[in-house]
Amino acid sequence: MNPSNKTLSVIIPSYNEEAMIQTTFQTVKKILSESQIPFEIIFVDDGSRDGTYQEVIRLSKDNPEVHGISFSRNFGKESAIFAGLAEAKGACCVIMDCDLQHPPCTIIEMYHLWEQGYEVVEGVKTSRGKESAFHHFCANGFYAIISRLTHIDMANASDFKLLDRQAVDALLAMPERAPFFRALSSWIGFCSIQVPFEVQERTVGTSKWSMWSLTKYAIRNITSFSGAPMQAVTLLGWIMLVFSLVLGIQSLYRYFTGTAQEGFTTVILLLLIIGSILMISLGIIGHYISRIYDEIKRRPKYIISRRCGK
């Protein structure tokens, strides 16, 4: 890397964001140009079904700082982030959402902190914006769990981060098929600092995240970054062992004192409890086995079908 290179690569994962491409580009370009920061903008089309990539192509024809790549299908935001990092040529990279809920003006502060020597500048939410109480509860629950399992404070974490080239190279060197960017960008270490920001309201369109997709996202990231659910299976086994010993002593006492009652209520309840725990345990183990299966196949994280602007 050329020591004089001060270029900032702005990576923008985009999925069905046709209406936002122009607005996002003009907003980011205006802010960075006024601050005299050399930059490139990389739009990563994550298999959109609308005209997102066509908008990127139109931008790239008139703006040499715009580059675009398009996936052959939807691979997910994590893959889009890593594809953008792999394409970036700048000395540092910032990842932001296409819907401008990550305020572009904060990038200037992040960049100046990078110039001061910080290698990872993390955007931390001061608020989550407008969302339902149920969604807020689920999000807080997920981050509380993942923070406890990973020993990394992710209470207000986001994908809005600026990374030095050294940190980017460290992330790209990881061979994981299903990486969790928010956790890995903290796990790699380096000299880091947090920058608070307020989540902005989306001006066009709606969120592409459904409750089901968020649930799958949470399960995948918890299991990809921690083996704690597997340890929970062992814990359940010990709990059932203690429960069985207590119930066994009680049953023997009643048998020898002649107070044992006939019937199958206790047996049925035990079968239901043990059966439920066994099925849950098998489900957890099966999920980890499927993750191992996905890893050993070593399929690529994404497939790029088209490029523009380079």
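First, a word on scope: everything that follows refers to the structure included in this document. (Residues numbered from 1 in each chain as written. Predicted model: local features only at pLDDT ≥ 70, side-chain atom pairs only at ≥ 80, totals over all residues. Heavy atoms only, no water.)

Before going further, it helps to examine unusual backbone geometry. One non-glycine residue with positive phi stands out, namely Gln 36, at about 55°. With respect to the helices and strands, Gln 36 occurs in the loop between α1 (21-34) and β2 (39-45). Gln 36 gets classed as exposed once you look at its relative accessible area, which sits at 72%. Look at Leu 100: it is not a glycine, yet its phi comes out positive at around 65°. Mapped onto the elements, Leu 100 comes out in the loop between β4 (92-95) and α4 (105-115). (Helix = DSSP H or I, 4+ residues; strand = E, 2+ residues; numbered from the N terminus. Buried < 20%, exposed > 50% of the residue type's maximum accessible area, 1.4 Å probe, protein only.)

The subject of this paragraph is the nonpolar core. The biggest cluster of nonpolar side chains holds 36 residues, and the ones touching the most others in it are Leu 8, Val 10, Leu 32 and Phe 43. At the level of secondary structure, the elements contributing two or more residues to this core comprise β1 (8-14), α1, β2, α2 (52-62), β4, α4 and β7 (192-198). Considering every element that reaches this core, the biggest residue donor is α4, with 6 residues. Not counting chain neighbours up to four residues away, the residues in contact with Leu 8 comprise Leu 32, Ile 37, Pro 38, Phe 39, Glu 40, Cys 92, Cys 93, Val 94, Ile 107, Tyr 111 and Leu 162. One finds Ile 11, Val 120, Ala 167 and Val 168 within the second-largest nonpolar core, a separate group that totals 23 residues. (Core = buried A, V, L, I, M, F, W, Y, C linked by side-chain atoms within 4.5 Å. Contact = heavy atoms within 4.5 Å.)

Bringing the packing of aromatic side chains into the picture now. We describe a pair of aromatic rings using the distance from one ring centre to the other and the angle between the two ring planes. A complete count under the given rule lists 5 aromatic pairs for this structure. Aromatic rings pair up to connect Phe 71, Phe 75 and Tyr 302 into one cluster. Note that Arg 73 overlies the ring of Phe 75, its terminal NZ or CZ placed 3.9 Å from the centroid. (Phe/Tyr/Trp six-rings, centres within 6.5 Å; stacked < 30°, edge-to-face > 60°. Lys NZ or Arg CZ within 6 Å of the ring centre and 35° of its normal.)

Bringing the environment of Ala 80 into the picture now. Note on placement: Ala 80 falls in helix α3 (residues 77-87). Sequence separation between Ala 80 and Val 44 is 36 residues; the distance between their C-alpha atoms is 5.9 Å. Setting aside its immediate chain neighbours within four residues, Ala 80 contacts Pro 13, Val 44, Asp 46 and Phe 71.

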